[in-house]
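Results of the structural survey
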Amino acid sequence: MLSSHAFGDPGKMKDYHYAGPVEQRFSPYAFNGGTVLAVAGEDFAIVASDTRLSEGYSIHSRDSPKCYKLTDTTVIGCSGFHGDCLTLTKIIDARLKMYKHSNNKMMTSGAIAAMLSTILYGRRFFPYYVYNIIGGLDEEGKGAVYSFDPVGSYQRDTYKAGGSASAMLQPLLDNQIGFKNMEGVQHVPLTQDKAVQLVKDVFISAAERDVYTGDALRVCVITKEGIKEQTVPLRKD
Amino acid sequence: MALEDVCGFEETLLHRKWFPASYLEDSATSYRTTDSYNSGLRQEKSVGNNGTPLHFLMPALPYSTTFNRRRSFPVPPANHSVTVRRPFPLSHGTTTLGFIFQGGVIAAADTRASAGGLVACPAVHKITPIHSHLVVTSSGSGADCMLWERILAREIRLYQLRHRRRLSIRGAAKLLSFMLHPFKGTEVCVALTLCGWDKEAGNTDCVQRSEDSFSQDATAIAHSASPHRGPKLIYVCSDGARLQGDVFSVGSGSPYAYGVLDRELRWTLSKDEAVSLAREAVFRATHRDAYSGNNVDLFLITAKGWSQRKREDLKEEYYRDMERRAKRVEERKRLTEIDASR
């Protein structure tokens, strides 16, 4: 996309001062903002994302959720460059269908994660500018979260935040879900209701401090009964 | 994946149907324009399918010739002078180490993955077992290491299936080095240390030659009867280096680790001493290096295979160290007071 201003770091504006002659090159990437979050519980998983699609100073859409349902037990959250998010989810859907038709069963969350890793690394020299987080249930029915970097390095976590507000949310999750950096606190296992409430609170905080996060929050709760979605309004400014 | 290759499955029509890289290839040819704003994709016409880790898509660049060769490994274009600028940092920065002693090979690493100034993940596994007697410590770019370890494991397994014997550690290192060679000069950044134990003798005529030049040094004699059996430590990196040695430390924290290791490292260490030395080296490196930290992973490889020590949080070790220092300061103060009062 031809951007009207050059981006230095993702999501940060370049300072408007004259720095000498600069060669303007076409950049195939754009940063469309958005935050994604996933939490794994004992028998559930939650994938949540905001629904704002922005570019530079503009908001393209207030209703563009970043969670995509892959199977009955897996949801993927993709944030970063929206064009690459769309293409990547299309490719994943196609590969899921191929697997289903040739192996006569749905791909498990772990298998989807491994496949996504190779898809992303196939573009090592021209990466998909997407931060992915997969949330779902593993073969035993326990919650699983797999977080990726844009070139395919991944690992299984209990909770992970990705996207523009990830650096703000991750420490909060470390503290509240991982009980890190606290002394003398009882480690209570996370219930589904408490997890959903925590996710909502965390996004409200993110919308306060990150300009690219806001408008609405889409929460997908994955249990063995299926996937339930709910939408919660956030700040629109 | 490995079994498909052995059975020659990739050559059949069914395989092309199951993994139709063709849908991407057709669109790639239509994107192939020659104006300077070319941002389409050019696909390698290689044998590998779109699912395996060896199939790479290259951005179509000006000045590069059409690349239409059939190879088993994809090769990036020679004059890769113009690259697409990435808007995000990748994970880098680490401390890993490995050394050989009389009880086997120790491999230790920290667990922090940093991307720019952010800790992308505080609990990464930098030491990966490949098979029962080979463990690989990785440093460099996280995604590159993960995928290249996967490729190495696949190729070692293929060798085992085809030749009915396990590839030696030196052979595995050579294989990895040759696989990485086409990517020399590109952004691939991989520095792996293969730590393993060779159970069988390798090439027999090599054994003859090296027995002649055997030095009478005590450590050389202690290094097992045949130089091709026993503990091995080999460093392979994407720049093309392939080095066999007794101690290696890789990463941004390696100078600090070397400092600690060089003091105490001897062939005659006991298992507990070696473990505590490795732990101490990683701990001191994580203390001084900003890009290393969090926990320490420790693996011990012996003739029986690899075993892993429980991952240890270095935060507790740091507090214990602070307490020890405080006690020493107290002790010193007490002694000087006693001296002064005399």
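Residues numbered from 1 in each chain as written. Chains lettered and ligands numbered in written order. Predicted model: local features only at pLDDT ≥ 70, side-chain atom pairs only at ≥ 80, totals over all residues. Heavy atoms only, no water.

1. Some words on the overall build of chain A
Where we set the bar: Strands are runs of DSSP state E lasting at least two residues, helices are runs of H or I lasting at least four, and both sets are numbered from the N terminus onward. This radius of gyration counts C-alpha atoms alone. The globule rule is 2.2 Å times how many residues there are, raised to the power 0.38. For every residue, the accessible area (1.4 Å probe, protein chains only) is compared with the maximum for its type, and the residue is labelled buried under 20%, exposed over 50%, or partly exposed between those bounds. Should any heavy atoms of two residues lie within 4.5 Å, those residues are counted as being in contact. Throughout, the Shrake-Rupley method with a 1.4 Å probe supplies accessible areas, and for residues the shown protein chains are the sole cover considered.
Check the secondary structure of chain A and you find four helices and 12 strands. Compactness check: chain A gives a C-alpha radius of gyration of 18 Å against a globular reference of 18 Å for 237 residues, within 12% of the reference. Expressed along its principal axes, the backbone C-alpha trace of chain A runs to roughly 60 × 50 × 30 Å. Counting the 237 residues in chain A, one finds 56% classified as buried. Considering only contacts in chain A between residues 6 or more positions apart, those separated by 24 or more positions represent 60%. Just so you have it, chain A exposes about 11,100 Å², and 52% of that area is on carbon and sulfur atoms.

2. Focus: the environment of Ala290 of chain B
Examined against the element boundaries, Ala290 of chain B turns out to sit in the loop between helix H9 (271-288) and strand S14 (295-302). A C-alpha to C-alpha distance of 26 Å links Ala290 of chain B and Gln308 of chain B, two positions 18 residues apart in sequence.

3. Here we look at the sheet that holds strand S8 (residues 143-148) of chain A
Residue and element names in this part refer to chain A. Our working definition: A pair of strands counts as paired when DSSP detects no fewer than two bridges linking them. For every element, the axis is a line fit to its C-alpha atoms; helices are fit only across the contacting stretch, and the angle between N-to-C directions ranges from 0 to 180 degrees.
Reading across the sheet, the five strands line up as S5-S6-S7-S8-S9 and stay open at both edges, with antiparallel pairing between neighbours. Single-partner strands in this sheet number two, and they are strand S5 (67-71) and strand S9 (154-157). Averaged over all neighbouring strand pairs, the angle between strand axes comes to 25 degrees, with direction disregarded. Two elements, S5 and strand S6 (residues 74-80), share four bridges in a ladder whose sense is antiparallel. Residue pairing across strands places Lys69 opposite Val75, the latter belonging to S6.

4. Describing the pattern of salt bridges
For the record, the criterion: The salt bridge definition used is simple: a Lys or Arg side-chain nitrogen within 4 Å of an Asp or Glu carboxyl oxygen.
Within the structure shown, the criterion is met by 25 salt bridges over all chains. For Glu208 of chain A, the salt bridge goes to Arg235 of chain A, with nearest N and O atoms at 3.0 Å. Pair noted here: Glu208 of chain A is in helix H4 (residues 192-209) and Arg235 of chain A is in the segment after strand S12 (226-233), with a separation of 27 residues, a long-range link. The exposure class of Glu208 of chain A is partly exposed, given its relative accessible area of 46%. Overall, Arg235 of chain A belongs to the partly exposed group, its relative accessible area being 36%. Between Asp321 of chain B and Arg324 of chain B there is a salt bridge; the shortest N-O distance is 3.4 Å. Of this pair, Asp321 of chain B and Arg324 of chain B both sit in helix H10 (residues 314-341), three residues apart, which is roughly one turn of the helix. On the basis of relative accessibility, which here comes to 38%, the residue Arg324 of chain B falls in the partly exposed class.

5. Examining unusual backbone geometry
In terms of backbone geometry, most residues other than glycine have negative phi values and most peptide bonds are trans. Even without being glycine, Phe179 of chain A reaches a positive phi, approximately 50 degrees. Turning to its location among the elements, Phe179 of chain A is positioned in the loop between helix H3 (166-176) and H4.

6. Details of the packing of aromatic side chains
To keep it simple, the criterion reads: Planes of paired rings set the category: under 30 degrees apart is stacked, over 60 is edge-to-face and the rest tilted, where pairs are Phe, Tyr or Trp rings (Trp by its six-membered ring) whose centres lie within 6.5 Å. Should the NZ of a Lys or the CZ of an Arg lie within 6 Å of a ring centre and within 35 degrees of the ring normal, that charge is described as sitting over the ring.
Tallied over the entire structure, the rule returns 13 aromatic pairs over all chains. Plain terms: the ring middles of Tyr129 of chain A and Tyr131 of chain A are 6.2 Å apart, the flat faces sit at 70 degrees to each other, and that makes the pair edge-to-face. The class of Tyr129 of chain A is buried, set by a relative accessible area of 1%. Overall, Tyr131 of chain A belongs to the partly exposed group, its relative accessible area being 22%. Seen from their ring centres, Tyr235 of chain B and Phe248 of chain B are 5.7 Å apart, and the 25 degrees between their planes marks the pair as stacked. Highlighted residues: Tyr235 of chain B in strand S11 (residues 230-237) and Phe248 of chain B in strand S13 (residues 247-250), separated in sequence by 13 residues. Tyr235 of chain B sits in the buried class, given a relative accessible area of 16%. Aromatic ring contacts, followed pair by pair, group Tyr29, Phe31, Phe126, Tyr129, Tyr131 and Tyr212 of chain A into a single cluster. Against the face of Phe126 of chain A rests Arg123 of chain A, its NZ or CZ located 4.9 Å from the ring centre. Above the plane of the ring of Tyr128 of chain A lies Arg123 of chain A, whose end atom (NZ or CZ) is 4.4 Å from the centre.

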